[in-house]
Amino acid sequence: MTDCLFCKIVKGEIPSDRVHEDADVIAFRDIAPKAPTHILVIPRRHIPDAHALTDADGDILGKLFAAARRVADDAGLENGYRVVTNIGPESGQTVFHLHFHVLGGRPMSWPPG
Ligand code: 5GP
Ligand code: ZN
């Protein structure tokens, strides 16, 4: 997707503060952090959101969650953290390339707003 912000971050056309990358996944710090640790974990391949996932995407989902675990461990989030993905405008999704927010470093309230 040529006009996708996160595809441009994957290609390095837009700079990001990367904390992890491998063949299929990158993770970078959110530009407007909502917690002391706020990292976005995304597939290199363009997938619009989690609603677009199918049975065929089990491999990339496992890799995304393995990367989330790794960045949480690297950030020292031993007291817990939250993994969030927004789907569609009403959820608050603003970038339509699948991403998991990894949030931690402060107590989280429930339910989310
Ligand atoms: P969403 O609202 O779609 O769930 O999450 C998109 C996230 O991307 C937001 O938390 C927003 O702060 C972050 N974001 C938007 N533009 C950029 C950018 O250019 N660089 C980085 N690192 N994060 C961005
Ligand atoms: Zn994209």
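Small disclaimer: the values here were computed from a predicted structure and weren't measured.

Draft legend 1. Quick peek at the overall build of the protein. Scanning the protein for helices and strands turns up two helices and five strands. The helix and strand sequence of the protein, counted from the amino end, reads α-β-β-β-α-β-β. Over its C-alpha trace the protein gives a radius of gyration of 14 Å, about what one expects of a compact globule, namely 13 Å for 113 residues. Along the first, second and third principal axes, the C-alpha set of the protein runs to 35 × 30 × 30 Å. Burial statistics for the protein: of 113 residues in total, 38% are counted as buried. Pairs at least 24 residues apart make up 52% of the contacts formed inside the protein by residues separated by at least 6 positions. When the accessible surface of the protein is summed, it comes to about 6700 Å², and 54% of that surface belongs to carbon and sulfur atoms.

Draft legend 2. Geometry of the coordination of the zinc ion (ligand 2). At 2.1 to 2.3 Å from the zinc ion (ligand 2) lie its protein donor atoms, namely Cys 4 (SG), Cys 7 (SG), His 46 (ND1) and His 97 (ND1). Between consecutive donors of the zinc ion (ligand 2), the numbers of intervening residues give the motif C-x2-C-x38-H-x50-H. Here Cys 4 is found in the segment before helix H1 (5-11), whereas its partner His 46 is found in the loop between strand S3 (37-43) and helix H2 (58-74), with 42 residues between them in sequence. The exposure class assigned to His 46 is partly exposed, which follows from its relative accessible area of 23%.

Draft legend 3. Spotlight on H2. End to end, H2 covers 24 Å across 17 residues, agreeing with the expected 24 Å (1.5 Å per residue, within 8%). For H2, every residue scored as buried is listed here: Ile 60, Leu 64, Ala 67, Ala 68, Val 71 and Ala 72. Seen along its axis, H2 keeps its buried residues to an arc of 135 degrees; they face one direction. When the buried face of H2 is taken as reference, the exposed residues oriented beyond 90 degrees from it are Asp 59, Arg 69 and Asp 73. For H2, the elements touching its buried residues are strand S1 (18-21), strand S2 (25-29), S3, strand S4 (81-84) and strand S5 (100-104). Following H2 by one or two positions, Gly 76 adopts a phi angle in the positive range, close to 75 degrees.

Draft legend 4. Seen up close, the sheet that holds S2. With antiparallel pairing, the five strands of this open sheet are ordered in space as S1-S2-S3-S5-S4. Here the strands that pair on one side only, and so sit at the sheet edges, are S1 and S4. If you compare each strand with its neighbour and ignore which way they point, the axes differ by 20 degrees on average. In the packing of H2 onto the sheet, contacts are made with S1, S2, S3, S4 and S5, and the angle to S3 comes to roughly 160 degrees.

Draft legend 5. Expanded view of the pattern of salt bridges. One pass over the structure, following the stated rule, counts seven salt bridges. Across the pair Glu 21 and Arg 18 runs a salt bridge, and its minimum N-O distance is 2.9 Å. For Arg 18, a relative accessible area of 26% gives the class partly exposed. In this structure, Asp 59 engages Lys 63 in a salt bridge whose closest nitrogen and oxygen atoms are separated by 3.3 Å. In this pair, Asp 59 and Lys 63 both sit in helix H2, four residues apart, roughly one turn of the helix. Take Asp 59: its relative accessible area is 52%, and that puts it in the exposed class. By relative accessible area, Lys 63 is classed as partly exposed at 31%. Taken together, the salt bridges that share partners define one network made up of Arg 18, Glu 21 and Arg 44.

Calculation rules
Residues numbered from 1 in each chain as written. Chains lettered and ligands numbered in written order. Predicted model: local features only at pLDDT ≥ 70, side-chain atom pairs only at ≥ 80, totals over all residues. Heavy atoms only, no water. Helix = DSSP H or I, 4+ residues; strand = E, 2+ residues; numbered from the N terminus. Rg over C-alpha atoms; globule rule 2.2 N^0.38 Å. Buried < 20%, exposed > 50% of the residue type's maximum accessible area, 1.4 Å probe, protein only. Contact = heavy atoms within 4.5 Å. Areas by Shrake-Rupley, 256 points an atom, 1.4 Å probe, with all protein chains shown as cover. Donors = N, O, S within 2.8 Å, 3.2 Å for Na, K, Ca; no water. Expected span 1.5 Å × (residues − 1). Arc of directions from axis to C-beta. Pairing = 2+ DSSP bridges. Axes fitted to C-alpha atoms, helices over the stretch in contact; angles between N-to-C directions. Salt bridge = Lys/Arg side-chain N within 4 Å of Asp/Glu carboxyl O.

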